[in-house]
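The chain contents come next:
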Amino acid sequence: AIPIWQRCINIRLIPVKKRFIKEYKTKDGKDVEVRLLCRLQPKVHWVPEIYLKFGKDYGRGFLEKEASVDIAEVVQRHTLQELVRGPE
């Protein structure tokens, strides 16, 4: 039998704040800068999956891979005026 070798990896379980700033195009072709400040804290039972998917710096990985796609979808659905003023 071959023994299983596991390696310990330090990952932060306390909350971490991440800033996200990126420009997107609106429905009417104008540029919008999105500034987002997130507080992220992984649930202990999800840590192995989070590490496999996003790596040690899960905050940045999550924002770049997951949140970026969602923000882009929302911004592309609306015009600049709708985003600034909201639905009337």
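In the block above lies the structure referred to throughout.
Residues numbered from 1 in each chain as written. Predicted model: local features only at pLDDT ≥ 70, side-chain atom pairs only at ≥ 80, totals over all residues. Heavy atoms only, no water.

Asks: Could you give an account of the environment of L63, naming the residues involved and the relevant values?
Replies: Tracing the sequence through the fold places L63 in helix α2 (residues 58-77). When the C-alpha atoms of L63 and C38 are compared, they prove to be 8.9 Å apart, with 25 residues separating the residues in sequence. (Helix = DSSP H or I, 4+ residues; strand = E, 2+ residues; numbered from the N terminus.)

Asks: Give me the nonpolar core: which residues, what numbers.
Replies: Residues Y24, V34, Y58 and I71 are the most contacted members of the largest nonpolar core, which totals 15 residues. Those elements that place two or more of their residues in this core are β1 (16-25), β2 (31-40), α1 (47-54) and α2. The element contributing the most residues to this core is α2, with 6 residues. Y24 has contacts with K30, D31, V32, V34, S68, I71, A72 and V75, leaving out every residue within four places of it along the chain. (Core = buried A, V, L, I, M, F, W, Y, C linked by side-chain atoms within 4.5 Å. Buried < 20%, exposed > 50% of the residue type's maximum accessible area, 1.4 Å probe, protein only. Contact = heavy atoms within 4.5 Å.)

Asks: Would you mind going over the packing of α1 against α2 in detail, with residue names and values included?
Replies: Packing of α1 against α2 leaves a shortest axis separation of 9 Å and a crossing angle of 65°. Crossing angle aside, the handedness with which α1 passes α2 is left-handed. Taken together, the residues of α2 that come into contact with α1 (itself represented by I50, K53 and F54) are Y58, G61, F62, K65 and E66. Tallied by class, the residues present in the contact of α1 with α2 amount to 4 nonpolar, 1 polar and 3 charged. (Axes fitted to C-alpha atoms, helices over the stretch in contact; angles between N-to-C directions. Left-handed = near helix turned anticlockwise from the far one by under 90°. Nonpolar A, V, L, I, M, F, W, Y, C, P; charged D, E, K, R; others polar.)

Asks: Describe a nonpolar patch on the surface, with residues and values.
Replies: A contiguous nonpolar surface patch, about 240 Å² in accessible area, is contributed by V74, L83 and V84. Mapping V74 onto the fold places it in helix α2. (Patch = residues over 30% accessible without salt bridge, like charges linked within 9 Å, V, L, I, M, F, W, Y side chains within 5 Å. Areas by Shrake-Rupley, 256 points an atom, 1.4 Å probe, with all protein chains shown as cover. Salt bridge = Lys/Arg side-chain N within 4 Å of Asp/Glu carboxyl O.)

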